[in-house]
Amino acid sequence: MRNLVIPSLLFPFVLACGPKAPPATSADAAEAVEAPAPEPEAEPEPEPEPEPAAAPAPTRNANLNLTIKRAEGTSQTVQVLGIERSLDTHGETDWSTEASDLKFYIEGNDEYKKITWDDVKAVSFKVPDKKNFDCLYQSDFTPWMYECSVKIETQITTKDGKRYTADSAQKWRFIFSDDTSTEFWLKRHYARAQDDRTIEIDDTNTQNYALYEQLQDQLRGDLDGLIQTIAIQ
């Protein structure tokens, strides 16, 4: 039996006729392309600014026509549409428009009673001693609170023609028809300021005498423009 000899030239043909790799699909091509970078997220819209709080409406609880004369010689005729009284002596906290708070005591003619501004015909202010200032400090404040004041004598003439002395320690505010205002006391005019330093235990110079002088200078300036008379029509 003869051996069959296969020429070596047949091997390249066999190899060439072997299975071919499948062609690349479109999905494969897409994978080969680098994916685009994600777009940056949009900045959030800023929050709108809150609306400012509306200013409180001016007090409207009176209707008085009056003329105010001051110590420097000026005079103004105004219509008072609002009256307020401080709840503290100095007018530094709240103000009241309650009817019960808008009454004040007067003394004279063997009487001591409360009246309202509707009962008043005229007011006269007098400072008995413009050089006699009462000054003190209050250590329950931190830093300490300093205060100087001067006494005022206020005469009230009521609509029945009688004269009395006002006895009201709080501060009063008249609000005019143009929404401007004036404030005043009936018994004592004050000037106050808080110290700019805190007293320590080992301090030897505790009181601030320079602040006393500053407050007294303020009072002297206030007295130049102090109300002298109020005439109510």
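Scroll up to find the structure.
Quick summary incoming for the structure in this document.

Rules behind the numbers
Residues numbered from 1 in each chain as written. Predicted model: local features only at pLDDT ≥ 70, side-chain atom pairs only at ≥ 80, totals over all residues. Heavy atoms only, no water. Helix = DSSP H or I, 4+ residues; strand = E, 2+ residues; numbered from the N terminus. Expected span 1.5 Å × (residues − 1). Contact = heavy atoms within 4.5 Å. Buried < 20%, exposed > 50% of the residue type's maximum accessible area, 1.4 Å probe, protein only. Salt bridge = Lys/Arg side-chain N within 4 Å of Asp/Glu carboxyl O. Pairing = 2+ DSSP bridges. Axes fitted to C-alpha atoms, helices over the stretch in contact; angles between N-to-C directions. Phe/Tyr/Trp six-rings, centres within 6.5 Å; stacked < 30°, edge-to-face > 60°.

1. So, helix H3 (residues 209-224)
Point 1. Taking 1.5 Å per residue as the helical rise, H3 with its 16 residues ought to reach 22 Å, and the 24 Å between its terminal C-alpha atoms agrees with that figure.
Point 2. On its buried side, H3 packs onto strand S7 (134-138), strand S8 (145-151) and strand S13 (188-194).

2. Observations regarding the environment of Asp-222
Point 1. By the secondary structure assignment, Asp-222 is in helix H3.
Point 2. Judged by relative accessible area, which is 27%, Asp-222 ranks as partly exposed.
Point 3. In the structure, Asp-222 is positioned 33 residues away from His-189 in sequence and 8.8 Å away in space, judged by C-alpha atoms.

3. Description of the pattern of salt bridges
Opposite charge on two side chains lets them pair, provided their charged atoms get close.
Point 1. Scanning the entire structure with this criterion turns up 11 salt bridges.
Point 2. The shortest N-O distance in the salt bridge between Glu-92 and Arg-192 comes to 2.8 Å. Of this pair, Glu-92 sits in the loop between strand S2 (75-86) and strand S3 (95-96) while Arg-192 sits in strand S13, and the two are 100 residues apart along the sequence.
Point 3. In the salt-bridge network here, residues are joined through shared partners; they are Glu-84, Lys-171, Arg-173 and Glu-183.

4. With respect to the sheet that holds S13
Point 1. One open sheet accounts for 3 strands, arranged S7-S8-S13; its pairing is antiparallel. Among the strands making up the open sheet, the edge pair consists of S7 and S13. Each neighbouring strand pair of the sheet contributes to a mean axis angle of 20 degrees, computed without reference to strand direction.
Point 2. In terms of strand pairing, S8 meets S13 through 7 bridges, oriented antiparallel.

5. Here we look at the packing of aromatic side chains
Each aromatic ring pair is summarised here by two numbers: the centre-to-centre distance and the angle between the ring planes.
Point 1. One pass over the full model with this rule turns up 13 aromatic pairs.
Point 2. Here Tyr-105 and Tyr-112 contribute two aromatic rings whose centre-to-centre distance is 4.6 Å and whose plane-to-plane angle is 5 degrees, an arrangement assigned as stacked.
Point 3. Of the residues examined, Tyr-105 reaches a relative accessible area of 33% and is grouped as partly exposed.
Point 4. In textbook terms, an aromatic cluster arises when at least three aromatic residues are bridged by ring pairs, as seen for Phe-104, Trp-117, Phe-125, Trp-172, Phe-174 and Phe-184.

By themselves, these observations are geometric and do not establish any function.
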